[in-house]
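# Results of the structural survey
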Amino acid sequence: MRAGPETASVTAEHPSQDLSFDRVDPTYRAFIEDYLRLHGIDPITFCKPLPGADEMFFNAILPNYEFDASISAFKFVESTMRLGDAYNQIAHGVFGGYGKLGTVLDFASGWGRLTRLLEQRLRPEQIYVADIYHQAIDWQVATFGINGVHSAKDPAAFKHTGDHDIVLIGSMFSHLPTELFHQWLARLYKLISDRGVLSFSVHDEAILPAGEVMDPAGLRYLRFSESGSLVLGIYGISYVTESLVVSVISR
């Protein structure tokens, strides 16, 4: 569905402007609200404005849909709910429900995509978020009233000490070079409780771009990303083999 004359859009020349859900085409807005209610989510609480500094939305999602804000807003909601479904599997399958959780940490949380869901399931004091973008963490603390932790480029410089039941890293490990992949996994593993779960996503070698060859060590790192601020030496796009992930976890 392409943008019509009444459909909200954001131009490439003005990507830093916050996007309010009020600017979304009414038809899309109604669909988004119904979709959220179907999943037991309060739309009013969820649909806070998307900050213009959110690179995931403005540099990745929005350009992929020709800067159509209405379609992009739905895609943002859809991807958030898919992440939420995975989180639900952990909360219910491992712990027996959100009511039995202690504290949780969303690492590399960005501007609070997952937080929009967690705040409807947990108390603010149970939720911790961390990111290298300190502005994003400060915004989440001010907006959601949760616990914020400033991250660092070097895992050794990340000073947070925790004992969390769930530590989720939604996408960071799909962007790390080999050394940081190993270092961050070891560092974040130390933050789970005795019964805790560390959950993270990767790009499997099966989706390695055509013409690229997997490195013998099991991780292929490409110097490319949607970020306009993180240097490509620490944040690009990576693909891994299952054997590499098994080996790192075992270690």
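You'll find the structure just up there.
Now for a quick tour of the structure. All values derive from a computational prediction rather than experimental measurement. (Residues numbered from 1 in each chain as written. Predicted model: local features only at pLDDT ≥ 70, side-chain atom pairs only at ≥ 80, totals over all residues. Heavy atoms only, no water.)

### Let's talk about the pairing of strand β5 (residues 192-200)
- Two strands pair when backbone bridges link them, and strand β4 (residues 164-169) and β5 are joined in this way by five bridges, in the parallel orientation. Bridge pairing in β5 places V167 opposite L198. (Pairing = 2+ DSSP bridges. Helix = DSSP H or I, 4+ residues; strand = E, 2+ residues; numbered from the N terminus.)

### Some points on the layout of surface pockets
- Within this model, the second largest pocket holds a volume of roughly 250 Å³.
- In terms of lining, the second largest pocket is formed by H182, L185, A186, Y189, L198, F200, V248, I249 and R251.
- If you list the elements that add at least two residues to the lining of the second largest pocket, you get α7 (178-189), β5 and α8 (242-250).
- Taken together, the residues that form the lining of the second largest pocket break down as seven nonpolar, one polar and one charged. (1 Å grid on protein atoms, 1.4 Å probe; cavity = no way out; pocket = protein on both sides within 12 Å on 5 of 7 lines; lining within 4 Å. Points joined across faces, edges and corners; volume = space filled by probe spheres on them. Nonpolar A, V, L, I, M, F, W, Y, C, P; charged D, E, K, R; others polar.)

### Describing the packing of helix α1 (residues 26-38) against helix α4 (residues 69-95)
- Between α1 and α4, the least distance of the axes is 10 Å, while the angle of their chain directions is 10°. The orientation of α1 with respect to α4, classified from their angle, is roughly parallel. Packed against α1, whose contacting residues are Y28, F31, I32, Y35 and L36, the element α4 presents S70, I71, A73, F74, V77, E78 and M81 at the interface. (Axes fitted to C-alpha atoms, helices over the stretch in contact; angles between N-to-C directions. Parallel < 35°, antiparallel > 145°, perpendicular 65-115°, else oblique. Contact = heavy atoms within 4.5 Å.)

So, to be careful, I would describe these as geometric facts and stop short of saying anything about function.
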